[in-house]
Structures are given as structure tokens and as C-alpha cells.
Amino acid sequence: MVNFSLKGKLALVTGASHGIGYAIAKALYEAGATIVFNSSNEESLARGLAAYAAEGIPVRGYVCDITDETAVAALIARVEQEVGTVDILVNNAGIIKRIPMHEMRAEEFRRVVDVDLNGAFIMAKAVIPGMIRKGHGKIINICSMMSELGRETVSAYASAKGGLKMLTKSIASEYGLYNIQCNGIGPGYIATSQTAPLRQVQPDGSQHPFDRFIISKTPAGRWGTTEDLAGPAVFLASDASDFVNGHILYVDGGILAYIGRQP
């Protein structure tokens, strides 16, 4: 199983102070990688560093706005000086604004696209030269089921994640000859602290309506866990996926394959 080892590899995971990014960074570390991550502010960075320290995971963390091209270039230069050249980039950082489209301001739409799509472009652009020099690289973009499906109130998020899917394919097409693989992971509905309110038992003892909805649409009959993303992330970061390029791996319990239970 040596092809799945990440020993000697440096992984940069954006927005990895908590949630999905944290779980992926932890999985990459357990597979042998050295981990660096960024947060958008000092408070989030401190929380992330404390969480890693509590689990005995040595990491380096940096404050950086991924939508700021100059700041990202400085971050990558600093990482290369202090730790080494990035072998694995996980574009995980993202935001969502749940607003009906006719009520959403263009400024709000642009902000979601700026973080979720432009930020991934800026980060990938910054690490690709180093990957070319090393003769290999792995870029993993955290896409979404909204890369394939629309849903009410998430027009900006779905547009950005659909664009991220195509950015993934474009990077794979342009840089495959340099032994750089760019793939995506599309999480389904994952049980995190952010989705906890949607899974709370109601005062009358019933399931939250959204909880019932997700479980009814998922062949696995449950929400995903952050641990469900660990194996796919390690695979796409490792030499085991060297001939996998431009692919979006949906980790959704089967939602995208399922029309729903017949009445």
C-alpha cells in the first residue's frame, strides 16, 4: 500500500481550522504528510492551532485572505521558505449565503464567488509553479453536490461550485503534462457543527424537517461524517491516483444517483 503513503509530502489545506478542512488535514497527516493551513483571521487560526495541538498534530498555520492575490503569493513564498514546496493543495475554504436570488444583492453574490471560486484559482495559480519545478503535484478542490444540482436560496454558492468543477477540469487539462493531477471531492450532507441545528430533535420529539428530507434522499440513510471524506482525500492526494485527473468524486451516500423512494 506504499502508493497511498504521503510520507515526505507537504500539504496545504485552506480553511482547515475546523470542519471538513480540519478532518481532511488530519487524514493527510495520518497518511504521513506535513500539514500547513490558513485561516482568514487570527481568532480562527488560534482555534485551529489549539485543536491540532490537542490531538498532538504538529502543524503550521497562517492568516491569509485567499481572495487577495498579493497576500497569497506572499503566503506561498513564506511556506516555501519555512517548510518547503507544496506537494498537495486542498482548496477547502468557502462560504455560503442562503438568500433568495431576487433578494440577493450583486455584492453578496460576488463575495461568494470570490471566496469559493476565485480563491481556489488564486491558490492553485500560486502553487503550480512549485509543482512544475518538482515534477509532480496534487490539487484537490472541495466541490459540492451543488456543482451538479440547483436548490433554492443558494444561487451564488451553486454557481461558484459549478465553476469550481470546471476549474478542476481546466487545471487537469492544462497541467497534466507536468504530472500535476487536479481532482475534486463533492461532499454530500455532512454532520458538522454548522449543520447540527438541522439535525436537532424538535420539542415534540420529532426529527427536524430538513433532517428527514436529507435522510429520505440518501440511499445510505444517514448524514455523512467528516471521517467519510478521509479516504477519498488521501487517495486523491497520493500516488495511487496518478492517472486520475479532472474527476469529481462525490462522497454523498448515493444522493446524486437516487431519484427517491417510490410511494
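Structure: see above.
Structural notes, computed from the coordinates. Given the structure is predicted, the values throughout are model-derived calculations rather than measurements. (Residues numbered from 1 in each chain as written. Predicted model: local features only at pLDDT ≥ 70, side-chain atom pairs only at ≥ 80, totals over all residues. Heavy atoms only, no water.)

### As for the side chain of Lys9
Condition: The way it works is that DSSP assigns letters per residue, a run of H or I at least four long becomes a helix, a run of E at least two long becomes a strand, and they are numbered from the N terminus. Residues count as neighbours in contact if any of their non-hydrogen atoms are within 4.5 Å of one another.
With respect to the element layout, Lys9 can be found in the segment before strand E1 (10-14). Once you skip the residues sitting within four places of it in the chain, Lys9 turns out to touch Ala33, Thr34, Asp87, Ile88, His136 and Asp239.

### What about the pairing of strand E5 (residues 137-142)?
Applied cut-off: Each residue's exposure class comes from its accessible area (1.4 Å probe, protein chains only) as a fraction of the maximum for that residue type: buried when under 20%, exposed when over 50%, partly exposed otherwise. The criterion for strand pairing is that DSSP finds at least two bridges linking the strands in question. Crossover handedness is defined by viewing with both strands directed away from the observer: a clockwise path from the first strand over the helix to the second marks the crossover as right-handed.
A large share of E5 lies buried, amounting to 6 of its 6 residues. Pairing between strand E4 (residues 88-91) and E5: 4 bridges, direction parallel. Across the sheet, residue Asn91 finds its bridge partner in E5, namely Asn141. Between the parallel pair E4 and E5, the chain is carried across by helix H4 (residues 106-134), and the sense of this crossover is right-handed. As paired elements, E5 and strand E6 (residues 180-187) share 6 bridges and run parallel to each other. Bridge pairing links Asn141 to Gly184 in E6.

### Here's the deal with a nonpolar patch on the surface
Rules: A patch consists of residues exposed above 30% relative accessible area that lack any salt bridge, with like charges linked at up to 9 Å and nonpolar side chains (Val, Leu, Ile, Met, Phe, Trp, Tyr) linked at up to 5 Å. Working definition of accessibility: Shrake-Rupley area with a 1.4 Å probe, residue cover restricted to the visible protein chains. A pairing counts as a salt bridge when a side-chain nitrogen of Lys or Arg comes within 4 Å of a carboxyl oxygen of Asp or Glu.
Nonpolar side chains collect at one region of the surface, where Ile132, Leu177 and Tyr178 lie side by side and expose about 340 Å² of accessible area between them. Along the polypeptide, Leu177 turns up in the loop between helix H5 (155-175) and E6. Residue classification places Leu177 among the exposed positions, given a relative accessible area of 87%.

### A look at helix H1 (residues 19-30)
Inclusion rule: A helix's residues, less one, multiplied by 1.5 Å, set its expected span.
Between its first and last C-alpha, H1 extends 17 Å over 12 residues, near the 16 Å set by a 1.5 Å rise per residue. If you check which residues of H1 are buried, you get Ile20, Gly21, Tyr22, Ala23, Ile24, Ala25, Ala27 and Leu28. Downstream of H1 by a residue or two, Gly32 has a phi angle that is positive, lying close to 115 degrees.

### Digging into unusual backbone geometry
Phi angles above zero are rare outside glycine, and Thr153 is one such case at about 75 degrees. Looking at where Thr153 falls in the secondary structure, it is placed in the loop between E5 and H5. By relative accessible area, Thr153 is classed as partly exposed at 26%. One non-glycine residue with positive phi stands out, namely Asn179, at about 65 degrees. Within the secondary structure, Asn179 sits in the loop between H5 and E6. For Asn179, a relative accessible area of 31% gives the class partly exposed.

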